[in-house]
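# Coordinate analysis (summary)
Each chain, written out:
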Amino acid sequence: MIVRFGYVAMSLEIADSSPSKTMTMARFSKLPDREAGLRLLEQIATTNLHNTLRLLRHNVAEGIQMYRFSSKLIPLATHTDLHDWNPFEALAEPFAEIGEYVRKHDLRVSFHPDHYTVLSTPRPEVLISSIRDLQYHVNMLKAMGLDARSKNNIHIGGAYGDKPTSAARFVEHFGRLSAEIQCRITLENDDKTYTTGETLAVAQQTGLPMVLDIHHHMVNCHGEPASDWWEEVAKTWESPLARTDVPEGVHLPPKIHASSPKSETDRRSHADGVEAGPLLDFLRVAARTSSHLDVMLEAKHKDHALFQLMRDLTMYENDGVRIIDGGSIEVFS
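Residues numbered from 1 in each chain as written. Predicted model: local features only at pLDDT ≥ 70, side-chain atom pairs only at ≥ 80, totals over all residues. Heavy atoms only, no water.

What follows is about the pattern of salt bridges. Under the criterion given, the structure shown has 17 salt bridges. Notably, a salt bridge pairs K235 with E232, separated by 3.2 Å at the nearest N-O pair. Here K235 pairs with E232, and both are found in helix α9 (residues 230-235), just three residues apart, close to one helical turn. For K235, a relative accessible area of 46% corresponds to the partly exposed category. Using a relative accessible area of 35% as the deciding quantity, one classes E232 as partly exposed. Three or more residues are tied together by salt bridges with common partners; here these are R4, R108 and D294. (Salt bridge = Lys/Arg side-chain N within 4 Å of Asp/Glu carboxyl O. Helix = DSSP H or I, 4+ residues; strand = E, 2+ residues; numbered from the N terminus. Buried < 20%, exposed > 50% of the residue type's maximum accessible area, 1.4 Å probe, protein only.)

Structural data, given as structure tokens:
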């Protein structure tokens, strides 16, 4: 099984490369000239996009083919007080440049909208805000000229005192979304509320591909290993919705999230790096039924964690692991 690793948004290797520079609404509101303030927001966004391209170049140089974009590329983009502002015309060129680079190097990129994007909500105003945020993420991907291989990963959301009812409400609200939003979504199990099995059931009901987070599973399960769920989870990536707006003949590998507990007393928080041994235990089982798998590392040390993991994996080269390049391996079951 071919396994590719990626990391989230920020680099510890490349100096002054944040793709998430921002401005608060409080600061914006104090500016004397609103139009000048909007131009300033666009300048900040241009810097974020420039840094994103720098990070993608860094990744390609290191052999890393997966990357999660920062959701904060455009400051205040979804703030209701700026509903009449459309920054995409001003940012068309840097967005297009990123998309061209992604396509040229066949990179797998994604977003993970923030936790306040909740489709299980019973509150209409929260649902409206969530849909607005999902549309914002879709608009960024469209501005890059990227098809639906590039996804927006979300959780089911809160239980609101009744998990089955809230899950059903997610399904109902998902059904109301536009087709262009629907085909971009992946669904992930969380660490407190919806288990792997509960999330899988919703993914199967909606046709959504599921991203299995093996760390979340470890702290929110009934004691079974995450690998017990793998065959069923992997099948969700073969659904018609998962392949909508994906070019004919293109194989989109299943995707998981991997991280390690910060400590024995804080098992939900993410550690600086990722332990190779437990991850390999999962990958070896997955390799029995899957030919390709992409792994997003959610470690505090970002790309440094990926580099360290690759160094650690060299110790398994005579134990069913082959290093392919700086960001991918082959695992034998």
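A word on the nonpolar core. Residues F5, F69, I74, F282 and L283 are the most contacted members of the largest nonpolar core, which totals 94 residues. When residues in this core are grouped by element, the largest group, eight residues, is from helix α2 (residues 34-62). In this structure F282 touches L212, I214, A226, S227, W230, I256 and L293, once residues within four positions along its chain are discounted. (Core = buried A, V, L, I, M, F, W, Y, C linked by side-chain atoms within 4.5 Å. Contact = heavy atoms within 4.5 Å.)

Looking at the element boundaries, L82 is found in the loop between β2 (66-68) and α3 (92-104). On a C-alpha basis, the gap between L82 and L38 in space is 9.0 Å, while along the polypeptide they are 44 residues apart. Setting aside residues no more than four positions away along its own chain, L82 makes contact with M25, F28, R34, L38, L41 and L76.

Let's shift gears to helix α4 (residues 124-143). A rise of 1.5 Å per residue sets the reference length of α4, with its 20 residues, at 28 Å; its end C-alpha atoms lie 28 Å apart and thus fit the reference within 8%. Next to the buried residues of α4 lie α3, β3 (108-111), β4 (151-155), α5 (163-175), α6 (179-182) and β5 (185-188). (Expected span 1.5 Å × (residues − 1).)

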